[in-house]
Every structure is written in C-alpha cells, then in structure tokens.
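Next come the chains, spelled out residue by residue.
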Amino acid sequence: MTLPAGVPSRMFVGGTWQDGSGGSFDVLDPSTGDVICAVPRAGADDVAAAVSAAADALPEWAATAPRERAEVLRRTFELMIERKEDLAYLMSLEMGKSLTDARGEVVYAAEFFRWFSEEAVRIGGELRMAPSGANRILTFRKPVGVCLLLTPWNFPAAMATRKIAPALAAGCTFVLKPAEDTPLTALMLAQLLTEAGAPAGTVNVLTTDKPGDLVEVALADDRVRKLSFTGSTGVGRTLLQQAAGRIVNASMELGGNDPFLVLDDADLDAAVDGAMLAKMRNGGQACTAANRFLVAESVADEFAAKLAERMRSLRMGPGTAEDTQIGPMINRRAVEGIADKVNRSIEAGARAVLGGESVEGAGFFYPPTVLTGVPRDSAVAVEEVFGPVAPIIAVKDEEDALRIANDSEMGLTGYVYTGDLARGLRVCERLEVGMVGLNRGLVSDPAAPFGGVKQSGLGREGGYEGIDEYLETTYVATSW
Ligand code: NAD
C-alpha cells in the first residue's frame, strides 16, 4: 500500500514542512510488513528549532482571546469530521486497526477539539476571603508554557488530540512527537490544525525512531515547561526521572492490567457483549483493554464458551479491508511478546479453548485467543498482554475477585458486571483503579476524566480536569 495523496510525510516546524537533519526512517504497513513511505528523523537542531518556534509563538497565542482559540479548535473538529474517511483509512493503513475501529477513533479524537473549544472560554479564577478576614485571596490561571507531547501508536489520533486540544485551549504551544510506528496521522493532524487557523509555531510535529535522543534534548531545554506522556509504565518512569532534572511539570497516562469482573448475578449475554468491546476493540491493543477476566465460578464455563464463540467468529485481515474485524498487531516484536506470554501461561497450566498459536505468513497477525484455567500468577494474568487474548480466572466470590483485581501495581480501568446496581457500586468503590465500566465495556469519553492510579499514571485527560494539566495558578493576596 502506498501513501494516499495529500498526506504529509515531512515534519512540521514553525509552520513549514521540513526534512530532518538525522536522515529518515521507514513506516511499515503492519498487514504486510511492506514500506508505506519514509519520514524524517529529527536531529538535535530540529528539536531546538521546534522548541524555538513554539516559544516564539507562545506570548501571542496565550494572549489570543479565548473565543478565538476556541474557534480554531472548533474548526479542527469540523475538518476532522469532514475528513473522517481519509483519516480512518490512514490510521488503518499505518496502525492496522479495522476501519470500524478507525472511524470510531476519528470521531472520539475529533470530540476532544469540540469539548476543549467549549472549555477554552471557561477558564476561570476565584475570589476567596482569608479565614482571618485580613485579606482577599484572588486566583487566576495562566498557560503553563511550551509543552512536549509524546504519544503511543495504538490510538494515533485520539492520544494526540487528547493532549493537543487542552494545550491549545489553555493558551499553550507544543511540540508533538508521535510514536515511530504511526507518525503519519499526527502529521495529518498538523495539516488540519493549520487549515483551521492555528498560527505558525503553535503546532510543531517532530518524527523520529530514536525517541530517547529527541526527548533528552527537548527536556534539557529551559523553554520546555510541560511534559505530557502516554505510553508504557517503563518509559514513563524513565521520563519522570528525566523531568525531575528541571522539575518539568509532568502528566502520565501509562499501562494497565485491567480486571473485568463478572459476578454470579450478572446478565451473561450483556457481559459477553461488554467483554467483546473491552477486550477486542483495537485488537486488544488498548490501555483500557480487559486483561484479566475474573468470573464467578458458577458461571465461568458458560461465560468462557460464549466469549470463545463470539471471538471465533471475528474476521481477521488487513485493517484497510472493509470486512476486517480484527487487523494485525503493530509490529513483529508485539506478536512475539503476546505469543511468549501465552506460551508461558499454557506451560503454567492454562488451556487454550480458542487460538493460542501464532499465524504463519506476511504481516504481524495474532489470532483471537481464549484461555481458561489460568493460574493467578501466570504471565497473562500479571503482565499487560496488549493483544486479542482473553484469560479467564474462575473466582470464589466477590471478595476473591476484588483481592485478585487489586493485587497489581497497575490501576487504570476496571469493569464490573452484576444484576444488582448497589452491589456494583460498592465493588466500583473498592476497585483500585481510575475508571470503572459498570455493566459497560467502554469508558472512554472526552467529557470524562481519563486516567489511572498507582503505576498507571499521574493526572487526568479529558473532562473538566483535562485543561488543568496545562494551566498554572497565580494567587494574589489583596484587601480593599
Ligand atoms: P511506549 O512507552 O513504548 O512508547 C510511547 C511513546 O514513548 C512513543 O512515542 C515512543 O516513541 C516514546 N518512547 C519510547 N521509548 C522512549 C524513551 N526511552 N524516551 C522517550 N520516549 C520514548 O508505549 P507504546 O508501545 O507506544 O504503547 C503501549 C503502552 O501505552 C501500553 O503500556 C499502554 O497501556 C499504554 N497506553 C496508555 C494509555 C493511557 O491513557 N493510560 C493510552 C494508550 C496506551
């Protein structure tokens, strides 16, 4: 597959499309392993140029009327919706997700621009009375400054817009570095933002397959005041250590090991519908993907049979083919990682009732897999699988399910299925996670605060909270 006409494949710095001083690297189609195109590899001088462009554009953008900033965001939302098919195709091509998933992502991603266009005009301050009565406490909000935004490959549009939209709404400018596997969607977004009226320098996108080098240079630059990262917990930990050097304000959206609880009174068909969404959206390559199914032992066999039947019926193929329901994984390393976790778990006693064996041939495919009798300490139960693998663990009761669910250093999303709403809410309260789907297999919503606890992250994206990550508070003590 070749690059569709009109899609940029050069970096965007200070309003112009540029090559990189570090050469170039290839972007692959994961359904074949073939090269789609080459994109620039940014060098240290490109990083300095992008940060300079963002720093130069900052004062004027920060002083732009909120309504004007809001209108740029609103137009970007409209352009994304107008170009939905092109964007969806591009994401399917470079990332491999099905067109159905890609279309859903375009709408989700665009909605961050609409939501934050509405929030841009509601950045407020406060007036309080000091408890002593001696003075007033006046607060106002200011943009944090130049932002470095780092995004993963699994949602090439949404993970970027979830950062870009609140940053621009707050009056910040940014340098975005997309993942090396999926840089093209981010470049397309830069083009749409420019068409929508984002001034030169507010939006900068650098591409590289040597992210560590680029980020080290950027974080050492005094003008960069904010780091917002979405990706694995391991890389997040390294970045926090680097950010500590200059006390850079940091937001982290990291990995998960999300439990999916099916209690004994759950509607099993509804639970299977929810499991298909929570597990199989994006081929299981989502941080919100259900990683462990903790199912009451009285219904575990029936749940496993129903889930395996649904997963067996999925059509696997290239993301860009209209009838594909599950596309390839992102790259060969990902397939090998999934196979390794499944194989180790089978050796430890798990049984594959569906799939469980790698697929021969071109492209990076792994088949839908259901494992039963999964030991609680096996690889698929304790590590993030990030693929179409559903490990089922039978549990004695609610307490047993909660104990296993919370026995993890991760705490991103949880799912609970029960026929008793009050019981469900009690379980939600006790789950150590940032988000819960209660009788729902999908939690993501631009209007809701997205984020994790424990080693799954710091801060929230989306919702009223999302813009706070890009604002500082100044307080004035005064009296009159
Ligand atoms: P990753 O950590 O390998 O890469 C994420 C980003 O970090 C990419 O842009 C990559 O180029 C960059 N990067 C990699 N090594 C780096 C380094 N040494 N220094 C600086 N930057 C570096 O993660 P991934 O494989 O792209 O994404 C999968 C992970 O992301 C999973 O763990 C998933 O759970 C997590 N994720 C979390 C969320 C969330 O909102 N919490 C959303 C999506 C994905």
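Along each chain, residue indices are assigned from 1 in the same order as the chain's sequence is written. Where totals are concerned, whole chains, interfaces and linings use all residues; where local detail is concerned, this predicted model gives features only for residues with pLDDT of at least 70, and gives and counts side-chain atom pairs only at 80 or more. Values reported for side chains reflect all heavy atoms of the structure, with hydrogen atoms and water molecules removed beforehand.

### Here we look at the packing of helix α4 (residues 99-120) against helix α5 (residues 158-170)
Counted only if it meets this: Inter-axis angles, ranging from 0 to 180 degrees, are taken between N-to-C directions of lines fitted to C-alpha atoms, where helices are fitted over the stretch in contact. Think of it this way: any DSSP run of H or I at least four residues long counts as a helix, any run of E at least two long counts as a strand, and we number them from the N terminus. Oblique is the label for every angle not falling under 35 degrees (roughly parallel), over 145 degrees (roughly antiparallel), or within 65 to 115 degrees (roughly perpendicular). Any two residues whose heavy atoms approach within 4.5 Å are treated as being in contact. Asp, Glu, Lys and Arg are counted as charged, while Ala, Val, Leu, Ile, Met, Phe, Trp, Tyr, Cys and Pro are counted as nonpolar; the rest, among them Gly, fall into the polar class.
Where α4 meets α5, the axes come as close as 9 Å, and the angle between the chain directions of the two elements is 10°. Between α4 and α5, the crossing angle belongs to the class labelled roughly parallel. Residue-level inspection shows Glu105, Tyr108, Ala109, Phe112, Phe113, Phe116 and Ala120 of α4 in contact with α5, the latter providing Ala158, Thr161, Arg162, Ile164, Ala165, Pro166 and Ala169. Here the contact of α4 with α5 is composed, by residue class, of eleven nonpolar, one polar and two charged.

### Details of the site of the ligand
Here is the rule: One heavy atom suffices: a residue is near a molecule or strand as soon as one of its heavy atoms comes within 4 Å of it. Contacts described as polar in this section are N or O atom pairs within 3.5 Å, which, within protein, must combine one atom able to donate a hydrogen with one able to accept it, while residues neighboring in sequence count only if both atoms come from side chains. Every accessible area reported is derived by Shrake-Rupley at a probe size of 1.4 Å, with residue values counting cover from the shown protein chains alone.
Close contacts around the ligand come from 28 residues, with Thr151, Arg162, Glu180, Ser232 and Glu384 the closest. In the environment of the ligand, an oxygen atom lies 3.3 Å from a nitrogen or oxygen atom belonging to the backbone of Gly231. Ser232 places a side-chain nitrogen or oxygen 2.6 Å from an oxygen atom of the ligand. For the ligand, whose free accessible area comes to 840 Å², the fraction covered by protein is 86%.

### Digging into the nonpolar core
For the record, the criterion: Only buried residues count toward a nonpolar core, which is a set of Ala, Val, Leu, Ile, Met, Phe, Trp, Tyr and Cys residues joined through side-chain atoms within 4.5 Å. For every residue, the accessible area (1.4 Å probe, protein chains only) is compared with the maximum for its type, and the residue is labelled buried under 20%, exposed over 50%, or partly exposed between those bounds. For each domain, the first and last residues come from an automatic or database assignment.
Among the nonpolar cores identified, the biggest contains 97 residues, and Met80, Ile164, Phe174, Phe260, Phe293, Phe303 and Leu307 are the most heavily contacted of them. The greatest single-element share of this core, amounting to ten residues, is contributed by α4. If you count residues domain by domain, this core takes at least three from each of domain 1 (11-254 + 455-478) and domain 2 (258-445). Not counting the four nearest positions on each side in its chain, Phe260 is found in contact with Ala271, Gly274, Ala275, Ala278, Ala290, Arg292, Phe293, Leu294, Tyr415 and Tyr417. If you look at the next biggest cluster of nonpolar residues, it comprises 34 residues, including Leu261, Val335, Val395 and Val427.

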